[in-house]
Structures are given as structure tokens and as C-alpha cells.
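The primary structure of each chain is shown beneath.
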Amino acid sequence: MALILLLIAVAFTGIHALSKRIMAAQSVGETDPFTLIPAPPQAVLCLHQPQTLELMLPTLPNVERLLRAYLPENPLCQPERIGAWLPFTLIYYPEGELWMAQLTPQEARQLWKRLDACHAFAAEEQTELTIPVRYYPERGRRFLGCYYQQGIFVASYQRQLVRKSIEQLLRRRTADPVAKQLQARKSPSAPLQLLLPSERLFPADRLRETATPWLSLPFFFNEGHLCCFQEWPLPTSIPDSLLTTHWLEPLRDSLSLRLQPLLPGVQIELEATREEKSAYFAFRTH
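Please read all numbers here as calculations on a predicted model, not as lab measurements.

K.L.:
Just to check I follow, could you spell out helix 4 (residues 105–118) for this structure?
P.N.:
Residue pairs spaced three or four apart in an α-helix point in one direction, given the helix's 3.6 residues per turn. With 14 residues, helix 4 should cover 20 Å at 1.5 Å per step; its first-to-last C-alpha distance of 20 Å lies within 8% of that length. Taken together, the buried positions of helix 4 are occupied by Ala108, Leu111, Trp112 and Leu115. An end-on view of helix 4 places all buried positions within 105 degrees of arc, on one side of the element. Facing away from the buried side of helix 4, by more than 90 degrees, are the exposed residues Arg109, Lys113 and Ala117. Where helix 4 is buried, its residues contact strand 3 (96–102), strand 5 (131–138), strand 6 (142–149) and strand 7 (152–156).

What follows is the structure, given as C-alpha cells:
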């Protein structure tokens, strides 16, 4: 009888633990990091598959240097340890960056431990708009502010950005136009994705006619190159006979001209083709 009771207790314990893991996984998916993005940013970088990226970078030294230039210097996204990190999103603003990741409570605890271990001084905890935030002191009088709420881990060296993301969280602005636009452009199947506001790339209205508010550049690896493939609807206001000369070629040239400064040290090859309803742009970096 005692053995039966023990087996029942063990079974219930296992079921309870499994239930907690399922609930934790569900809670992680309830909040999308994009819904916490304050105001329209300058750019968004999504690292969907860190392990894939780490495997390919040794064959692409120029791309690795580029990635190092774009990743801020903080313990959450060290380029030399990309494979050790979980997928994350970086949001860029003139004053700094926001780092966000969807984590389970267990993953968040492990990340807190890493942050505690890599900082010489203990974090100071403060309450920002009812949310507890840990501030880790670093050299140069910098403080890395971090919090974990509703399955999202957020960090930034800019206190103002931390507070703005909390405001978004408390407002539950899931219908925010920018958030919806970014969510619609997400490509988690790509190891690396860059999102840029279309108005930043296309000052000419005729080039933006069929563009979405955010240009999505989902990068993948092919034959030793970092590549990107884009489909673009053809405009309806330009006669078919003029599409190539008055829209396709100017759009290709504008993309090449404006993307190259954003990718210093990396040469871009851009090809444009046109079919019945869409144009296709293929990028390849060296």
C-alpha cells in the first residue's frame, strides 16, 4: 500500500511539473517583443537562429565584422558567443538600443545568473512604473537596465528606453500600428533579419508606391554567401512598357545605393527581374 501511495505521489509530482512547464511555454508566447517597441525605431535586427549563424560566420569574415559593428557592446550579445545565446531582437534608436528576447522563466533565471556572474558589482533594483528593474553598474558610469515580464526579457543602457518599453507593456498596445507592421514582416525561418523603415530608403514617392512601411531583409546562407531574396508587387500607376526603365531599374539602383552604406565592408550584388505581377530582387554579399 505504501508503495502504491508513493507511486501515485511521484506521478502527481511529474504531472504537476509538466503542467508548469507547459504553462510557462504558453506564457512566453502570449507577448510578442514587437508589441513593446516604443515609437518608430531606426532599424530592427532579429537573430532568429544563433546556432546557424555561428556555423556560417567563419566562412564570411566580412559579414562577421559587420555583425560585430551592429551588435552593441554588452554581455547579452557578444559576437564571439553567438551560438550560446537564445534568439533575440535588437531595436535601434538614435540614443541607443533595446535588447529583447522571449524566454521561459527557467531561461530568464539562467540569464540573471550570467549577468550576476559577469558584473563586478551587484545590481541595484529599482521600480519603474510598478515593474522591478535591475541596474548593473559598469565601467564609464554606465548602467545596464534589465527586467523580465510576461515572458519577455528586456535590457538597455538607456533608462529612457527601458521606461518607454515598460509603458508599452502596461498599456498592452497590441494594436499599435508599428507593432502590427513589424509583426507582419517577421521571418523566423531566416537566421538573420534586418527591418528598415521604407521612408528611410526611398525618398522618391514613386519608388515607395508599392513598398510596405517596413522593408524586410531576411538573410540566409547559400553557397558560402549571405543572401536575401525579395518579392515586390508591381505598381499599377506606371504603364507596362515603362515599368523596367521608370520603376524597376530606379528601384534597383536606389536599393543598392542606400543599402551599401548600411553594410560597410560588405560588397552587395543586386539583381532585379520582373514577371507578370511582381518584381524580384536578389541580394548577395561577399
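K.L.:
How do you make sense of the packing of aromatic side chains when you look at a structure like this?
P.N.:
Note on aromatic pairs: each is described by the distance of the centres and the angle between the planes. Within the structure shown, the criterion is met by seven aromatic pairs. Both rings, one in Phe88 and one in Trp99, keep their centres 5.6 Å apart while their planes meet at 35 degrees; by these two values the pair is tilted. You can see Phe88 sitting in strand 2 (residues 88–93) and its partner Trp99 sitting in strand 3, a full 11 residues away along the chain. Across the pair, exposure class does not vary: Phe88 and Trp99 are buried alike. Taken together, a centroid distance of 4.7 Å and an interplanar angle of 50 degrees make the contact between Trp112 and Phe153 tilted. Note that Trp112 is positioned in helix 4 and Phe153 in strand 7, a separation of 41 residues in sequence.

K.L.:
Sorry, what's going on with the nonpolar core here?
P.N.:
Among the nonpolar cores identified, the biggest contains 59 residues, and Trp99, Trp232 and Leu255 are the most heavily contacted of them. The dominant element in this core, judged by the number of residues it contributes, is helix 9 (residues 243–259), at six residues. Counting residues in hydrophobic clusters, the runner-up holds 23 residues, among them Leu36, Leu98, Tyr147 and Val154.

About the thresholds
- Residues numbered from 1 in each chain as written.
- Predicted model: local features only at pLDDT ≥ 70, side-chain atom pairs only at ≥ 80, totals over all residues.
- Heavy atoms only, no water.
- Helix = DSSP H or I, 4+ residues; strand = E, 2+ residues; numbered from the N terminus.
- Expected span 1.5 Å × (residues − 1).
- Buried < 20%, exposed > 50% of the residue type's maximum accessible area, 1.4 Å probe, protein only.
- Arc of directions from axis to C-beta.
- Contact = heavy atoms within 4.5 Å.
- Phe/Tyr/Trp six-rings, centres within 6.5 Å; stacked < 30°, edge-to-face > 60°.
- Core = buried A, V, L, I, M, F, W, Y, C linked by side-chain atoms within 4.5 Å.

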